[in-house]
Amino acid sequence: MSDNRAPSYSSENSKGRTGLPDTRAAIDELSKVVKDIPEAVEIYLALGNLYRSQGEIERAAQIRNSLILRPGLAPETKARALYELGRDFSRGGFLDRAVNAFDKAREIVGDSPEILTELAEIAARSREFEKAASFYSDLAQPVQEAHYLARQAEDEFNEGEDAKAHRTLGKALKISPNSAEAWLLVLTRLKKEGSLEEFTARFKEALAQVPIKLRFVLIEGLLADSLVFGDTPIPKMDESQDRSFPFYKVMVEEIERSDSDVIMHYYGARLLQLCGREEEAGVWLEKTLMLNQNFWLARLELFRIAQTKQQLTPSFKNQLEFFVNIARKVQRFTCSSCGIKRDRIFFICPRCRSWHSITFRKELNQ
Ligand SMILES: [Zn+2]
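Rules used in this analysis
Residues numbered from 1 in each chain as written. Predicted model: local features only at pLDDT ≥ 70, side-chain atom pairs only at ≥ 80, totals over all residues. Heavy atoms only, no water. Helix = DSSP H or I, 4+ residues; strand = E, 2+ residues; numbered from the N terminus. Buried < 20%, exposed > 50% of the residue type's maximum accessible area, 1.4 Å probe, protein only. Contact = heavy atoms within 4.5 Å. Areas by Shrake-Rupley, 256 points an atom, 1.4 Å probe, with all protein chains shown as cover. Expected span 1.5 Å × (residues − 1). Arc of directions from axis to C-beta. Donors = N, O, S within 2.8 Å, 3.2 Å for Na, K, Ca; no water. Tetrahedral: all angles 85-135°; square planar, octahedral: opposite > 155°, others 65-115°. Salt bridge = Lys/Arg side-chain N within 4 Å of Asp/Glu carboxyl O. Core = buried A, V, L, I, M, F, W, Y, C linked by side-chain atoms within 4.5 Å. pLDDT = per-residue confidence, 0-100. Phe/Tyr/Trp six-rings, centres within 6.5 Å; stacked < 30°, edge-to-face > 60°. Lys NZ or Arg CZ within 6 Å of the ring centre and 35° of its normal. Pairing = 2+ DSSP bridges. Axes fitted to C-alpha atoms, helices over the stretch in contact; angles between N-to-C directions.

*Asks:* Even after reading the chapter, I still don't get the overall build of the protein chain, so can you show me in this structure?
*Replies:* Tallying secondary structure elements over the protein chain gives 17 helices and 3 strands in all. In the protein chain, buried positions account for 47% of the 366 residues. Long-range contacts, defined here as pairs at least 24 residues apart, represent 55% of the contacts in the protein chain between residues at least 6 apart. In the form shown here, the protein chain has an accessible surface area of approximately 18,500 Å², with 52% of it arising from carbon and sulfur atoms.

*Asks:* How do you make sense of helix α9 (residues 162–175) when you look at a structure like this?
*Replies:* Each turn of an α-helix holds 3.6 residues, which means side chains three or four residues apart point in the same direction. For α9, spanning 14 residues, the distance from its first C-alpha to its last is 20 Å, which sits close to the expected 20 Å at 1.5 Å a residue. Those residues of α9 not exposed but buried are Ala 165, Thr 168, Leu 169, Ala 172 and Leu 173. All buried residues of α9 project into a common sector of 135° when viewed along the axis, lining one side. Opposite the buried face of α9, by more than 90 degrees, sit the exposed residues Ala 163, Arg 167 and Lys 174.

*Asks:* I keep staring at the coordination of the zinc ion and nothing clicks. Help me out?
*Replies:* Donor atoms from the polypeptide that coordinate the zinc ion comprise Cys 335 (SG), Cys 338 (SG), Cys 349 (SG) and Cys 352 (SG), at 2.3 to 2.4 Å from the metal. Relative to the metal, the 4 donor atoms surrounding the zinc ion lie at angles of 104 to 112°, and the coordination shape comes out tetrahedral. Here the donor residues of the zinc ion share one chain and are spaced in sequence as C-x2-C-x10-C-x2-C.

*Asks:* What is the right way to look at the pattern of salt bridges in this model?
*Replies:* When the charged atoms of two side chains lie near each other, side chains of opposite charge can form a pair. Tallied over the entire structure, the rule returns 25 salt bridges. Notably, a salt bridge pairs Arg 106 with Asp 103, separated by 3.4 Å at the nearest N-O pair. You can see Arg 106 and its partner Asp 103 sitting in helix α5 (residues 95–109), 3 residues apart, about one turn around the helix. Residue class for Arg 106 comes out partly exposed when judged on its relative accessible area of 23%. When its relative accessible area of 32% is taken as the criterion, Asp 103 is described as partly exposed. Across the pair Lys 309 and Glu 279 runs a salt bridge whose closest N-O atoms are separated by 4.0 Å. Placement of the pair is Lys 309 in helix α16 (residues 296–309) and Glu 279 in helix α15 (residues 278–291), with a sequence separation of 30 residues. Here Lys 309 and Glu 279 have matching classes, each one exposed. Through salt bridges that share partners, Glu 42, Arg 52, Arg 64, Arg 80, Glu 84, Arg 87, Asp 88, Arg 91 and Glu 118 make up one connected network.

*Asks:* Explain the nonpolar core to me, please; I cannot follow it from the model alone.
*Replies:* For soluble globular proteins, the rule of thumb is that nonpolar side chains tend to be buried together. If you look at the biggest cluster of nonpolar residues, it comprises 104 residues, and the most contacted ones within it are Phe 199, Phe 203, Ile 219, Tyr 267 and Phe 360. In terms of residue count, helix α14 (residues 262–274) provides more of this core than any other element does, 9 residues in total. When neighbours within four sequence positions are excluded, Phe 203 is seen to be in contact with Leu 187, Ile 219, Leu 222, Met 251, Glu 254 and Ile 255.

*Asks:* Which parts of the structure should I look at to understand the confidence of the model for the protein chain?
*Replies:* Close inspection of predicted coordinates is inappropriate in any region flagged by low pLDDT. When pLDDT is averaged along the protein chain, the result is 86; 87% of the residues meet or exceed 70. A low-confidence stretch, residues 1–18 (pLDDT under 50), is modelled with 23 contacts involving residues beyond four sequence positions or located in other chains. Contacts of residues 226–234 to residues separated by more than four positions or lying in other chains number 29 contacts, the stretch itself having pLDDT below 50.

*Asks:* Is there a simple way to think about the packing of aromatic side chains in this case?
*Replies:* The relation between two aromatic rings is expressed through the spacing of the ring centres and the mutual angle of the planes. Taken as a whole and judged by the stated rule, the model has 18 aromatic pairs. Taking the centre distance of 6.2 Å and the plane angle of 90° together, the rings of Phe 89 and Phe 94 count as edge-to-face. In terms of burial, Phe 89 and Phe 94 fall into one category: buried. Three or more aromatic residues joined by ring pairs form one cluster here, namely Phe 216, Tyr 266, Tyr 267, Phe 295, Phe 333 and Phe 360. Over the ring of Phe 94 we find Arg 97; its NZ or CZ atom is 4.7 Å from the centre of that ring. Lying over the aromatic face of Phe 157, Arg 189 brings its terminal NZ or CZ to 4.0 Å of the ring centre.

*Asks:* Help me out: how do you make sense of the sheet that holds strand β3 (residues 358–360) in this one?
*Replies:* Sheet strands line up and pair through hydrogen bonds in the backbone, either parallel or antiparallel. On the basis of which strands lie adjacent, the open sheet formed by 3 strands has the order β2-β1-β3 and antiparallel pairing. Strands at the two margins of the open sheet, each flanked by one partner only, are β2 (341–342) and β3. Contacting β1 (333–335) and β3, helix α12 (residues 215–224) runs over the sheet at an angle of about 80° to β3.

Laid out in structure tokens, this is it:
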């Protein structure tokens, strides 16, 4: 491996390149001292993990290789070192080399869940969604499998292979009937095709299937209108899109019929607002506040509606609008695992990689 391949060294300019041979020599020395006893090997591998966590992929890899190349190494230890080497390469973005290391580890220990998970993530990063889904199938993780089948279906739709895409989506929903991603894609397609009747039936079904805490993702995704998984665009407030209105109308009706929580009431109001039905939207917002007094977004929208009815001086109006606009830009979604805040929906947390950990920030201190 040449020096310029390691992205890590850029952070070490202050130390200069002379530090490198010293570290190499130290790693080699340490490698000789580490005997083939489990505790010592663990410490040695942990040192590699430390380098990896600092982004020093080449040094981490060197540690693994010095173990791997040692004659007479216990096969399990070799597999461990290969696994860590694969993770080093994966973090460094050298995906081919990562797969190669994982495959070698697999030859020794077989399909361990850790290795399969790493391979699934690499397949997903390479946009090989079918392959990713297949790994998650081996791992018996239907939520993840359905996610990548939905992403595969999205690609198939984009390539004009609609029949194939529908089959893939059907498979996704069979594997995980409550997959928010698969339902969202089904509904987005029906809305795009203008199939109102089927949309209504499927929307009802989706509300019944998707876990309550994720239902808002369906509405948010449908409002965004174009589906890009992982980073759904912010909804375009294009009032001229009145071909969406019949869809919004049935969505409101179904939300009303279903067992709605505070967030779904808020979305009901939002849909009504988009259809220009401000009065009814106001009623829904009031209902939202009855369910949760601190639901800030409902307060903000009610305030905005009230504001339009007041006789205000231009200056006062200007000040109010300024604050309302700032408040509307507050990021509405947060990860329940790590707390990252986003203004777009996500299915895998962009920071901590948790699945379906997105929550709607009902209160501002969340
Ligand atoms: Zn997170």
